[in-house]
Amino acid sequence: MTSHAAPPARLSFASLTPQNVGTIRKLNTVLFPVRYGEKYYQDILHPEVEPFCQLIYYNDIPVGNVCCRFEGRDLYLMTMGVLAPYRSRQIGSKAIENIVEAASSHTKPKIGRIYLHVQVSNEDAKRFYERHGFKEVGIHENYYKKITPRDAWILERRFQNVDT
């Protein structure tokens, strides 16, 4: 009797389009405790953020997303999430590695840092980002308006060789 090993899982990332932004909307309602307005969904479709806004598939199933925006020479990580049943499979790690790699090689503009907010009650997320080279640089009091706790850690990862 021969045993057949399961094929390795396939992880893939897709650019956002008007055709798949509805999937992002559905994922966000499950992943995040806040609701995003129409401007968020319009902004994540802009061509300049394409390398930084991705839909994440695991074996062709949409399981998460990562979305960033430019703020001058900073890249702000607005959202990143993976559905609970698919966590602990290195999906989030690969997503953040992709963003860091794209940011470090981006030239127009040259990105000085990636930063994000993490709700102070979400220690797992904070540890995740710290494992990926982010450092806490402050607390934004009353960052969240409709959820508690309202405060958020500010985490950042800076890049070398960036003119200021």
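For the structure itself, consult the block above.
Just so you know, the residues in each chain are numbered from 1, in the order the chain's sequence is written. Per-residue local features of the predicted model are confined to residues with pLDDT of at least 70, and side-chain atom pairs are confined, for both listing and counting, to 80 or more; whole-chain, interface and lining totals are unaffected and use all residues. Computation of side-chain values: all heavy atoms of the structure, hydrogens and water removed.

## Regarding the overall build of the protein
Phase 1 of the analysis: When you go through the protein residue by residue, the secondary structure sums to four helices and seven strands.
Phase 2 of the analysis: When its helices and strands are written in sequence order, the protein yields β-α-α-β-β-β-α-β-α-β-β.
Phase 3 of the analysis: To get the radius of gyration, use the C-alpha atoms; to get the globule rule, take the number of residues to the power 0.38 and multiply by 2.2 Å. Here the protein has a C-alpha radius of gyration of 17 Å; the compact-globule value for 164 residues is 15 Å, and the two agree.
Phase 4 of the analysis: Along the first, second and third principal axes, the C-alpha atoms of the protein reach 65 × 40 × 35 Å.
Phase 5 of the analysis: Buried positions account for 43% of the 164 residues belonging to the protein.
Phase 6 of the analysis: Residue contacts are counted whenever heavy atoms from the two residues lie within 4.5 Å of one another. For the protein, restricting intrachain contacts to residue pairs at least 6 apart in sequence, the fraction spanning at least 24 positions comes to 61%.
Phase 7 of the analysis: Put simply, the protein has 22 plus and 17 minus side-chain charges, and the middle of one group is 3 Å from the middle of the other. Note on conventions: DSSP H or I runs of at least 4 residues are helices, E runs of at least 2 residues are strands, and numbering of each starts at the N terminus. Any residue under 20% of the maximum accessible area for its type is buried, any over 50% is exposed, and the rest in between are partly exposed; the area is computed with a 1.4 Å probe on protein chains only. Think of it this way: Lys and Arg go in the positive column, Asp and Glu in the negative one, and His and the chain ends go nowhere. To locate a charge, take NZ of a lysine, CZ of an arginine, CG of an aspartate or CD of a glutamate.

## Here we look at the layout of surface pockets
Phase 1 of the analysis: What the largest pocket holds in volume is close to 1,300 Å³.
Phase 2 of the analysis: Along the wall of the largest pocket there are 40 residues; nearest its centre are Phe32, Met80, Asn122, Ala125 and Tyr129.
Phase 3 of the analysis: Those elements that provide at least two residues to the lining of the largest pocket are helix H2 (38-43), strand E4 (74-82), helix H3 (91-105), strand E5 (113-119) and helix H4 (123-131).
Phase 4 of the analysis: The element best represented in the lining of the largest pocket is E4, accounting for seven residues.
Phase 5 of the analysis: Looking at side-chain class alone, the lining of the largest pocket contains 21 nonpolar, nine polar and ten charged residues. Every definition here rests on a 1 Å grid over the protein atoms only: cavities are sets of points where a 1.4 Å probe fits but cannot get out, pockets are open sets enclosed by protein on both sides within 12 Å along at least five of seven lines, and lining residues have some atom within 4 Å of a point. Grid points are joined across faces, edges and corners, and a volume is the space filled by probe spheres set on the points. Amino acids are sorted into nonpolar (Ala, Val, Leu, Ile, Met, Phe, Trp, Tyr, Cys and Pro), charged (Asp, Glu, Lys and Arg) and polar (every other residue, Gly among them).

## A short note on the nonpolar core
Phase 1 of the analysis: Working definition of a nonpolar core: buried Ala, Val, Leu, Ile, Met, Phe, Trp, Tyr and Cys residues. They are joined through side-chain atoms within 4.5 Å. Residues Ile44, Leu77, Ile114 and Tyr129 are the most contacted members of the largest nonpolar core, which totals 48 residues.
Phase 2 of the analysis: The dominant element in this core, judged by the number of residues it contributes, is H3, at seven residues.
Phase 3 of the analysis: Not counting the four nearest positions on each side in its chain, Ile114 is found in contact with Leu75, Leu77, Ile99, Val100, Ala103, Phe134, Leu155, Glu156, Arg157 and Phe159.

## Regarding the pattern of salt bridges
Phase 1 of the analysis: Criterion for a salt bridge: a side-chain nitrogen of Lys or Arg within 4 Å of a carboxyl oxygen of Asp or Glu. All chains considered together, the criterion is met by eleven salt bridges.
Phase 2 of the analysis: Two residues, Asp43 and Lys39, come together in a salt bridge whose shortest N-O distance is 2.7 Å. Taken together, the residues Asp43 and Lys39, both in helix H2 and four residues apart, mark about one turn of the helix.
Phase 3 of the analysis: Ionic contacts of the salt-bridge type, sharing partners, join the residues Asp74, Arg113, Glu156 and Arg158 into one network.

## Things to note about the packing of aromatic side chains
Phase 1 of the analysis: In summary, the pairing rule links any two rings of Phe, Tyr or Trp, Trp by its six-membered ring, whose centres are within 6.5 Å, and it sorts them by plane angle into stacked for under 30 degrees, edge-to-face for over 60 and tilted for everything else. As enumerated under the stated definition, the model contains nine aromatic pairs in all.
Phase 2 of the analysis: Arranged with centres 4.8 Å apart and planes meeting at 80°, the rings of Tyr40 and Tyr41 form a pair that is edge-to-face.
Phase 3 of the analysis: On the accessibility criterion, Tyr41 (5% relative accessible area) is buried.
Phase 4 of the analysis: Ring geometry for Tyr76 and Tyr115: centres 4.7 Å apart, planes at 50°, overall tilted. In this pair, Tyr76 is assigned in strand E4 and Tyr115 in strand E5, connecting sequence segments 39 residues apart.
Phase 5 of the analysis: What links up through ring pairs into an aromatic cluster is the set Phe32, Tyr36, Tyr40 and Tyr41.
Phase 6 of the analysis: A cation over an aromatic ring shows up here: Arg25 above the ring of Tyr41, its NZ or CZ 4.3 Å from the ring centre.
Phase 7 of the analysis: For a Lys NZ or an Arg CZ to count as sitting over a ring, it must be within 6 Å of the ring centre and within 35 degrees of the ring normal. Cation over ring: Arg113 sits above Tyr115, and NZ or CZ is 4.2 Å from the ring centre.

## Brief notes about the environment of Gln54
Phase 1 of the analysis: If you trace the backbone, Gln54 turns up in strand E2 (residues 53-58).
Phase 2 of the analysis: Taking the C-alpha atoms as reference points, Gln54 and Val34, separated by 20 residues in sequence, lie 19 Å from one another.
Phase 3 of the analysis: In contact with Gln54, not counting residues within four places along its chain, are Phe13, Ala14, Ser15, Leu16, Gly64, Asn65 and Val66.
Phase 4 of the analysis: Polar contacts involving the side chain of Gln54 include one to the main-chain carbonyl oxygen of Glu50, which spans 2.7 Å. In protein, a polar contact means a hydrogen-donor-capable atom and an acceptor-capable atom, both N or O and within 3.5 Å, with residues adjacent in sequence counting only if both atoms are side-chain atoms; elsewhere, any N or O pair within 3.5 Å suffices.

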